[in-house]
Amino acid sequence: IMEYVEGLDINHVLEHTALPVGPALEVVGEVASALHVANATIGPNGKPLGVLHRDIKPHNILLTHAGEVKVLD
């Protein structure tokens, strides 16, 4: 089961407007943080899960209406 999130993917946003440097860096930082959490979260065996996304692209980065950044897939 996945969380339902309303918003637009970065690809859609960039088709309609340029993202200023400041907000673009915030998005990159949020994506990097999400990837780190997925990789470093400790599993039930006491070791990091080591999850790798392997498909980061604009279609898999969502901006919610509240301004949150979500990594999909």
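Along each chain, numbering runs from 1 in the same order as the chain's sequence is written. In view of the model being predicted, local features appear only for residues whose pLDDT reaches at least 70, and side-chain atom pairs are presented and counted only at 80 or more, with totals across whole chains, interfaces and linings using the full set of residues. Side-chain figures throughout are based on the complete set of non-hydrogen atoms in the structure, without hydrogens or water.

### Looking at the overall build of the protein
Part 1: By the criteria applied, helices consist of DSSP H or I runs no shorter than four residues and strands consist of E runs no shorter than two, each listed in order from the N terminus. Counting secondary structure elements, the protein contains two helices and three strands.
Part 2: Ordered by position in the sequence, the α and β elements of the protein form the string β-α-α-β-β.
Part 3: Each principal axis of the C-alpha distribution contributes one length, and for the protein these read about 45 × 25 × 20 Å.
Part 4: Taking all 73 residues of the protein together, 16% fall into the buried category.
Part 5: Here a residue-residue contact requires only that any non-hydrogen atoms of the pair lie within 4.5 Å. Of the contacts made within the protein by residues no fewer than 6 positions apart, 47% connect residues no fewer than 24 positions apart.
Part 6: Note on areas: these come from Shrake-Rupley sampling with a 1.4 Å probe, and a residue is covered only by the protein chains present in the view. Looking at the protein as shown, the accessible area adds up to about 5500 Å², and 60% of this sits on carbon and sulfur atoms.
Part 7: Across the protein, the mean location of the 4 positive side-chain charges is 15 Å away from that of the 9 negative side-chain charges. The buried label goes to any residue with under 20% of its type's maximum accessible area, the exposed label to any with over 50%, and the partly exposed label to all in between, with areas taken from a 1.4 Å probe on protein chains only. In this tally, Lys and Arg are treated as positive and Asp and Glu as negative; His is ignored, and so are the chain termini. Positions of charges follow a simple convention, taking NZ of Lys, CZ of Arg, CG of Asp or CD of Glu.

### A look at the sheet that holds strand β1 (residues 7-9)
Part 1: Two strands are counted as paired when DSSP detects at least two bridges linking them. On the basis of which strands lie adjacent, the open sheet formed by three strands has the order β1-β2-β3 and antiparallel pairing. The sheet terminates laterally at β1 and β3 (69-71), the two strands that pair on one side only. With strand direction ignored, the average angle separating the axes of adjacent strands in the sheet is 30°.
Part 2: Of the pairings in the sheet, the one linking strand β2 (residues 61-64) to β3 comprises three bridges and is antiparallel in character. Looking at β3, one finds that I61 is bridged to V71. In this description, a line fitted to the C-alpha atoms serves as the axis of each element, helices being fitted only across the stretch in contact, and the angle between N-to-C directions of two axes falls anywhere from 0 to 180 degrees.

### Some points on unusual backbone geometry
Part 1: The backbone of R54 sits at a positive phi, close to 65°, despite the residue not being glycine.
Part 2: Structurally, R54 can be placed in the loop between α2 (21-40) and β2.

### Things to note about the environment of V51
Part 1: Note on placement: V51 falls in the loop between α2 and β2.
Part 2: Distance from V51 to V5, taken between C-alpha atoms, is 22 Å for residues 46 residues apart in sequence.
Part 3: Non-local contacts of V51, meaning those with residues more than four positions away in its chain, are made with A38 and N39.

### As for the pattern of salt bridges
Part 1: Within this document, salt bridges are pairs made up of a side-chain nitrogen of Lys or Arg and a carboxyl oxygen of Asp or Glu, the two lying within 4 Å of each other. Scanning the model with the defined rule gives two salt bridges in all.
Part 2: As a salt-bridge pair, K70 and E3 come within 3.6 Å of each other at their nearest N and O atoms. Taken together, the residues span a long stretch of sequence, with K70 in strand β3 and E3 in the segment before β1 at a distance of 67 residues.
Part 3: Residue classification places E3 among the exposed residues on the basis of a relative accessible area of 57%.
Part 4: When the shortest N-O distance is used, the salt bridge between D55 and K57 registers 3.6 Å.

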